[in-house]
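# A structural walkthrough
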Amino acid sequence: MKNTKKTANKLPVPGKVRKGFRFYCAAVLSVALVLGCSVTAFAANDPIAAVNNLSDFIFGLIRAVGLILLNFALILKYRRQIRVRRRTGMLLWMLVWILSAIIQFLNPEILVEGFGSCLGVVMIYLQFENPEINLDRASGMYNQTAFYEFIHQIYYDRSAYTAFVFINDHRFSGDDSQQTMQDLAKKLLSTDGTYIFKTADDEIVMLTPASMWNHAATASIQKFALDTYLSASSGSNLKILFLEDCLLTPCQEDFFSLLRYCRRTKIKQTVQRFIPVDASVAARMYAENDLIQKIDDAISQNRIDVFFQPIYSTRQKAFTCAEALVRMYDAHGDLLPVYDSICAAEENGRIHQIGEIVFKKVCHAIRNEQLAQYGLHYIEVNLSVAQCSDEKLAERYIRIMERYQIDPSNINLEITESATMEMKQTLLANMEKLIAYGVSFSLDDFGTGQSNLNYIVEMPVQIVKFDRVMTQAYFSSQKGRFVMNAAMHMIQDMKLGIVSEGIETQAQLTAME
């Protein structure tokens, strides 16, 4: 724990920033000293006498105003090197000093200029010299504010630093997970040559100069963290993001975006414990950002179309319903990748807007095209996992159906098994309202992911849709055929409808009949 006291003094400042910042402070202090002396001397003179000596008055005024402008010019020049909090402190300091000098100039008997100077010095001290402002008192580590400032300095100086981000995946952590993070923090604080930051309750960041690091040290950290804190009794699900070079992105804003991207994709979507973050990961982040921008443009510029895929009924020997499929286009009219676009929209919250646009277009088509003339009874519309967690979903969809004046029996909403797992109560409440209004439901993609027959029992669905993978297994594997036959017989006994996705040949259709 020796390192706790050593690092509690101040954050290390890279060379160029330190040199420029020292020059700035020296310049500002010199300017402030001259300005203070000048204004004080000028204010001590009698205003009437100053007017009588016009040349002295004009010279003093130009000198005072010039020095004030010089100070603001210096702040403007070095604004990229100074954090907003410190820059604000400097400006407030000068403002207090100028106001007190003006008051004393207009009222020479009120000696407030010295008080203003002292107040300004106190403000600067609180902004610049308070070491605890960057510390997390409970752990002795640097806090999130210090982490942002340090990364800002690294990017300005283009210094090479290696980063380890220790994240406790709370979704699978036990009751002892907080104690695990505390033990990890104590161990890391005792490591020489490192800077430790607590950026969240379940996250610790360790930065060290790249010149002091090597592959052996990386392997040592990996073994120490994973072997020690991933035992069955620890209750921890620790994962480590490893950035060999923090300068993976052009600017610090993109660096923080990269960390958020990795938390969302790498932590939640992988079973890996030690996760290297390199240029390829940054490239995928930029590709996703570009795709999100194209999705935003498609939403705002109405470049979203709905196509209808007919569904064949083996009983009626005809197409009796259709599934709504969304397609989005870029500015050149090229189709955006369907699967990637939907995944990106779900992860970034755009799926709510897309889902509502699709539902409105479906309602518009039902009203204008008259389904009966095509022999269609209803249209299936998919609900994403994110939409299923929306407590106001039922109210909004009912309002849309009322606006287009359509029969709710023409709508069948598809839910997925993952949706029923993650937000079951909210989904059930929405389903009850929509079923009471006349809408029906299907369980989509049955047989994939975390399949469980209890979903069919618990969820008020009228149709079960077998995923394409299960359908293909029916034709390619004897075990697959046995499992699917058993599931279909059970579903039919429950008086539920069945849809099998992926039937592409006449032979497959005949076999399924």
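Just above sits the structure.
None of the values given here were measured: they were computed from a predicted structure. (Residues numbered from 1 in each chain as written. Predicted model: local features only at pLDDT ≥ 70, side-chain atom pairs only at ≥ 80, totals over all residues. Heavy atoms only, no water.)

### What to know about unusual backbone geometry
- Of note in the backbone geometry, N302 takes a positive phi value of approximately 55° without being a glycine.
- Mapped onto the secondary structure, N302 falls in the loop between α11 (279-300) and β6 (304-313). (Helix = DSSP H or I, 4+ residues; strand = E, 2+ residues; numbered from the N terminus.)

### Notes on the packing of aromatic side chains
- Taken as a whole and assessed by the stated rule, the structure comprises 18 aromatic pairs.
- Each ring, one from F164 and one from F166, has its centre 6.4 Å from the other, and the planes form 20°; the classification is stacked.
- A relative accessible area of 0% means that F166 is categorised as buried.
- Centre to centre, the rings of F446 and F466 are 5.6 Å apart; their planes meet at 80°, and the pair counts as edge-to-face. Here the residue F446 occupies a position in strand β10 (residues 440-446), and F466 occupies one in strand β11 (residues 463-466), the gap between them amounting to 20 residues. (Phe/Tyr/Trp six-rings, centres within 6.5 Å; stacked < 30°, edge-to-face > 60°. Buried < 20%, exposed > 50% of the residue type's maximum accessible area, 1.4 Å probe, protein only.)

### Focus on the environment of R158
- Checked against the element boundaries, R158 lands in the loop between α7 (144-157) and β1 (161-168).
- What makes R158 partly exposed here is its relative accessible area of 46%.
- R158 sits 93 residues away from C251 along the chain, and the two C-alpha atoms are 9.9 Å apart.
- Residues within four places of R158 in sequence aside, it is in contact with L247 and P250. (Contact = heavy atoms within 4.5 Å.)

### Here's the deal with the pattern of salt bridges
- If you walk through the whole model with that rule in mind, you get 14 salt bridges.
- E288 serves as the salt-bridge partner of R264, at 2.5 Å between the closest nitrogen and oxygen. Of this pair, R264 sits in helix α10 (residues 252-269) while E288 sits in helix α11, and the two are 24 residues apart along the sequence.
- The salt bridge partner of D296 is R350, with a shortest N-O separation of 2.8 Å. Of this pair, D296 sits in helix α11 while R350 sits in the loop between α12 (338-347) and α13 (351-369), placing them 54 residues apart in sequence.
- You can call R350 partly exposed: its relative accessible area is 21%.
- What emerges from the salt-bridge pattern is a single network uniting E323, E380, E414, K465 and E501. (Salt bridge = Lys/Arg side-chain N within 4 Å of Asp/Glu carboxyl O.)

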